[in-house]
Amino acid sequence: MTLKTFHDSVEPLLGQIDFTFLKDNRICFTCLGRIFAKLGQDGDEEGLSNQVRGQEIKRMKDVPDPTEPEDCWLCEGITNDYPRFASMAIEKMKEWEHDTFLLGSKFDAEMVEKEELIWSEISGEFSEPIKAEFNREVGKLVHIEMGKEPEFSKPDIVAVIDTMYESVNLQISPLYIYGRYTKSKRGIPQTRWPCRQCMGKGCSKCDNTGKLYQTSVEEIVAQEVMKYSGGKDHRFHGMGREDIDALMKGRGRPFVVEIKEPMKRALPLDKIMEALQDPDLGASATEMRPSDNDEVVRIKSARSDKQYMISGIIQGDFSEEKLKEVVASLGEKTIDQKTPTRVKHRRADKIRKRKVKTISILELSGDRVAFAITAEAGTYIKELVHGDDGRTIPSVAGELGVEIKVEELDVLEILDSDDPGAD
Ligand SMILES: [Zn+2]
Ligand SMILES: [Zn+2]
């Protein structure tokens, strides 16, 4: 049926095409058929092979005799070698767990030029590049042999076959796992923090660890994941971050951990989460599931309100009544925050406007006070309380006319939009 479709569509063309170029530059049946690859494609059907197209053309018209593929002026035998190239790719890919793959290839520039010459001397209108045929045909063989699905947008592995050097180069896509982390120990940064002195190489200042902080949420989570996935390296994408000395409570902060060049992709996430419940670790993760790079983008751009608990010591005379008044005046208030003194060395000095959604007194005993605060993403909470020498206006300390020494700051909840509990 497809053969007839091909026959009918190619027949009126053959009379107008001059094949004499092929007298001195003899090519194989497959390369001949590929000049008309776009004819005889039957909807979703596989269609004919280019080799069958070539045989049909030879039957219909007196074209110069095709050669064996090995003697082909154009492909030099490559089109006859697809099973061998497929085996090479399979041999390399099978060491890496994957569900999907994409096959690519590299060809000699001279071969590509020869093909373009054929298009200009004979016809290029219905042709297909040898590279496209190669990727499709070898990809088909790999699919049949390994049972893995070809995937164009987000393959687990890309195998690029270099037909000149007979080598296969693999690009292993990262593995992405989503989760939410809580932090139960202070002094743990979210991500790896290299030693500033040696930039991670290891020096006397950091006891040759290369690190300013001995661990991080990133390392705690990634190490557990990599016990099962293997992999070369990791990255950690959090939906914002809390201070190093702040705890992260509640449902936890959304993150995506990215594992570079994982050996395995189907992971026992329940086991991993169970291991991460160990309180000695200082950080724990829940709600873990497979993710992708799109979610990294979503997480990095999310602007969620957050709930905090912040405690401190009020230094100076104040009345409880006045404190309650000040707190009541700050709810729903938009505040101006100059870049805090503590981060001025690494951020541009500018003014942020942020909205305090709610603020209430959680605890007041003597000069010890604790507040519950819900605020917009990016609000400097410590500065909202202590005022940062007038750099945040208004602030609790500023309005109360005293100093407040902040002791602890914890994030109680991230109210991200995916959270059904958030509004
Ligand atoms: Zn050929
Ligand atoms: Zn160092």
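Now for a quick tour of the structure. Bear in mind the structure is a predicted one, so any value in this text is a computation, not a measurement. (Residues numbered from 1 in each chain as written. Chains lettered and ligands numbered in written order. Predicted model: local features only at pLDDT ≥ 70, side-chain atom pairs only at ≥ 80, totals over all residues.)

## Considerations on the pairing of strand S5 (residues 175–183)
Heads up, the rule is: In this scheme every C-beta is placed from the backbone, and a residue whose C-beta has 20 or more other C-beta atoms within 10 Å is buried, one with 12 or fewer is exposed, and one in between is partly exposed. Here a strand is any run of E in DSSP of at least two residues, a helix any run of H or I of at least four, and the numbering for each starts at the N terminus. Two strands are counted as paired when DSSP detects at least two bridges linking them.
Within S5, 8 of the 9 residues are buried, leaving the element largely enclosed by the surrounding structure. Here 8 bridges tie S5 to strand S7 (residues 247–260), and the two strands are oriented antiparallel to one another. Bridge pairing in S7 links isoleucine 177 to valine 257. The pairing of S5 with strand S8 (residues 283–290) spans 6 bridges and is antiparallel. Paired with threonine 182 across the two strands is serine 284, which belongs to S8.

## Describing the sheet that holds strand S3 (residues 157–162)
Within a sheet, adjacent strands bond to each other through the backbone by hydrogen bonds, running parallel or antiparallel. Operational definition: Here, residue contact means that the backbone-derived C-beta atoms of the two residues sit within 7 Å. Helix axes are fitted only over the stretch in contact, all axes being lines through C-alpha atoms; the angle between N-to-C directions runs from 0 to 180 degrees.
Within the open sheet, the 4 strands sit side by side as S2-S1-S3-S4. Their pairing is mixed. At either end of the open sheet lies a strand with only one pairing partner, and these are strand S2 (149–150) and strand S4 (167–172). Both S3 and S4 contribute to a ladder of 6 bridges, which runs antiparallel. Paired with alanine 159 across the two strands is leucine 170, which belongs to S4. Sitting on the sheet, helix H5 (residues 82–93) is in contact with strand S1 (100–106), S3 and S4, with an inclination near 140° to S3. Strands in contact with helix H7 (residues 130–146) are S1, S2 and S3; relative to S1, the strand with the most contacts, it is inclined by about 145°.

## Some points on the nonpolar core
Quick reminder of the rule: By convention in this section, buried Ala, Val, Leu, Ile, Met, Phe, Trp, Tyr and Cys residues joined through C-beta atoms within 7 Å make up a nonpolar core. Domains are outlined according to an automatic or database domain assignment.
By size, the foremost hydrophobic cluster in this structure holds 48 residues, and its most contacted members are Val225 and Ile381. With 6 residues, S7 is the largest single contributor of residues to this core. When residues are assigned to domains, this core turns out to be shared by domain 2 (175–301) and domain 3 (305–415), each giving three or more. The contact partners of isoleucine 381, leaving out residues within four places of it in the chain, are Tyr308, Ile310, Ile373, Ala375 and Leu409. In terms of nonpolar packing, the next biggest core, distinct from the first, is built from 33 residues, Cys31, Phe36, Ala37 and Ile78 among them.

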